[in-house]
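Summary of structural features
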Amino acid sequence: GEPLRIIPRLEAAEQAAAAGLSLLSLRREVAARQDHVRRALMHEPRGHAGMYGAVVVRGAEGAHLAALFLHCAGYSAMCGHAVMGLGRFALDYGLVPAPTRPETAVRLRCPCGPVTAFVPWDGHRSGNPVRFHSVPAFAAATDLAIDVPGHGKVVVDIGYGGTFYAFLSAEQLGLDVCSSKTRDLVSAASAVTEAVKKQFKLHHPESEDLAFLYGTILTDGKDAFSEEPTTNICVFADEQVDRSPTGSGVTARIALQYHKGLIQLDQTRTFRSSTTGSLFTGKAVKATKFGNYNAVIVEVSGEAFYTGTATFTVEEEDPLKHGFFFK
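Residues numbered from 1 in each chain as written. Predicted model: local features only at pLDDT ≥ 70, side-chain atom pairs only at ≥ 80, totals over all residues. Heavy atoms only, no water.

With the rule as written, the count across this model stands at 13 aromatic pairs. Ring centres 6.4 Å apart and planes at 20 degrees place the aromatic pair Y160 and F290 in the stacked group. Here the residue Y160 occupies a position in strand β9 (residues 152-160), and F290 occupies one in strand β15 (residues 279-290), the gap between them amounting to 130 residues. For Y160, a relative accessible area of 0% gives the class buried. (Phe/Tyr/Trp six-rings, centres within 6.5 Å; stacked < 30°, edge-to-face > 60°. Helix = DSSP H or I, 4+ residues; strand = E, 2+ residues; numbered from the N terminus. Buried < 20%, exposed > 50% of the residue type's maximum accessible area, 1.4 Å probe, protein only.)

Here is the structure:
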């Protein structure tokens, strides 16, 4: 449900990686020196306000590939739907030397850490569904009271699934995640994100570069285990709306539900995007520790489909060659 533009090679990124830069440092380097590439490919006229991207970095130590994640406002630390797409891409474009049937483990390095995708392989091409195990996920805060301008006091949970999100039911904001106008949901979620940033300090066990709130996920409030899907909408970065149920968000939400005793290990839940209706499943598969946090390894599963291959042209004299962006 979420667009993913894969950039198979970015020479400047590979040169910096070969010089020994960590992926987090590479993220900063590309943002500082190669951001015109992101703008040209994510923004109009080649992209749009909901575009997402991934730069493939080959030669990653201990992995088949590394990835930098791009969006309309900058760079992310983790992206679950991108991992699903990259898993298929890695098999179909020969980045895994000897894929195995019926499923191949594709090892990726993401800015948040190591991630493994498990991709169906029939000997000729990849298939669906793709599942992945991300970095340990944990509850950073639960039942946190936040004062949101225009909405008053709300209660949020903050979960980490490779990046941090605030979670709350849309009902707390006088909205319905399934029937309210998307514009109203986006405005309310963005107000929550800004309020949480000002009123709560995040901490990451390994790197303060990862201690940032990526966005807010509004839910239907159905957090207790059920066979029925639960619906949410993720608003991240600069009011960008996820078209998928959000892989890193599902990871974080499962961690919160497990922390609260609402689900058990290996209980599978289905998550629906309120924007496209697309579905991911998620389950906690293993309890672990991450720094001082009680954490879980979460498995998320979904489908990724090819939509095309593109070659873009940038003419030097074009005054809008690096793109433009309307909100």
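Text resumes after the structure shown.
With that settled, the discussion passes to the domain arrangement of the protein. If you check the domain split of the protein, you get domain 1 (5-133) and domain 2 (136-302). For domain 1 versus domain 2, the separation of C-alpha centres amounts to 23 Å. Taken together, the contact pairs 24 residues of domain 1 with 26 residues of domain 2. Of the roughly 1,800 Å² buried between domain 1 and domain 2 on both sides combined, carbon and sulfur atoms contribute 56%. Of all residues in domain 1, M84, F132 and H133 bury the most surface against domain 2, accounting for 23% of the area lost on that side. On the surface where domain 1 and domain 2 come into contact, there are 2 salt bridges. One salt bridge in this structure joins R28 and D209, with 2.1 Å as the shortest N-O distance. Put simply, domain 1 and domain 2 have 9 residue pairs in polar contact (both at pLDDT 80 or more) between them. (Domains from an automatic or database assignment. Contact = heavy atoms within 4.5 Å. Buried area = accessible area lost by both parts, 1.4 Å probe. Salt bridge = Lys/Arg side-chain N within 4 Å of Asp/Glu carboxyl O. Polar contact = N/O pair within 3.5 Å; in protein donor to acceptor, adjacent residues only side chain to side chain.)

Moving on to the nonpolar core. Soluble globular proteins tend to pack their nonpolar side chains together in the buried interior. Of all hydrophobic cores here, the largest spans 86 residues; its most connected members are F69, V83, V106, V156 and I158. Of all the elements, strand β8 (residues 137-148) adds the most residues to this core, at 8 residues. Mapping this core onto the domain boundaries places at least three of its residues in each of domain 1 (5-133) and domain 2 (136-302). Residues contacting V106, with those up to four places away along its chain left out, are H64, L65, G87, A90, L91, V96, V115, T116, A117 and V119. Grouped together as the second largest cluster of nonpolar side chains are 20 residues, A13, A16, A63 and A66 included. (Core = buried A, V, L, I, M, F, W, Y, C linked by side-chain atoms within 4.5 Å.)

Once that is clear, we can look at empty space enclosed by the protein. Any empty space left between the atoms is revealed when a probe the size of a water molecule rolls over them. Applying the stated criterion across every chain, the model contains 1 cavity of 30 Å³ or more. Computed from the structure, the largest cavity encloses a volume of approximately 70 Å³. Along its surface, the largest cavity is lined by 14 residues, and C79, H81, Y165, D242 and T246 are the ones closest to its centre. Listing elements by their share of the lining of the largest cavity, those giving two or more residues are α4 (80-92), β12 (230-236) and α6 (247-259). Looking at side-chain class alone, the lining of the largest cavity contains 7 nonpolar, 5 polar and 2 charged residues. (1 Å grid on protein atoms, 1.4 Å probe; cavity = no way out; pocket = protein on both sides within 12 Å on 5 of 7 lines; lining within 4 Å. Points joined across faces, edges and corners; volume = space filled by probe spheres on them. Nonpolar A, V, L, I, M, F, W, Y, C, P; charged D, E, K, R; others polar.)

In this fold, R46 is placed in the loop between α3 (35-42) and β2 (53-57). The side chain of R46 is buried and forms no salt bridge, while D318, the nearest opposite charge, is found at 4.5 Å. Side-chain polar atoms of R46 contact the backbone oxygen of K321, separated by 3.1 Å. In contact with R46, not counting residues within four places along its chain, are R5, A40, L41, F312, T313, V314, D318, K321 and G323. (Lys, Arg positive; Asp, Glu negative; His and termini not counted.)

Those residues of helix α2 (residues 23-33) not exposed but buried are L23, L24, L26, R27 and V30. Looking straight down α2, one finds that the buried residues subtend no more than 160 degrees of arc, so they occupy a single side. The exposed residues of α2 that point more than 90 degrees off its buried face are A32 and R33. (Arc of directions from axis to C-beta.)

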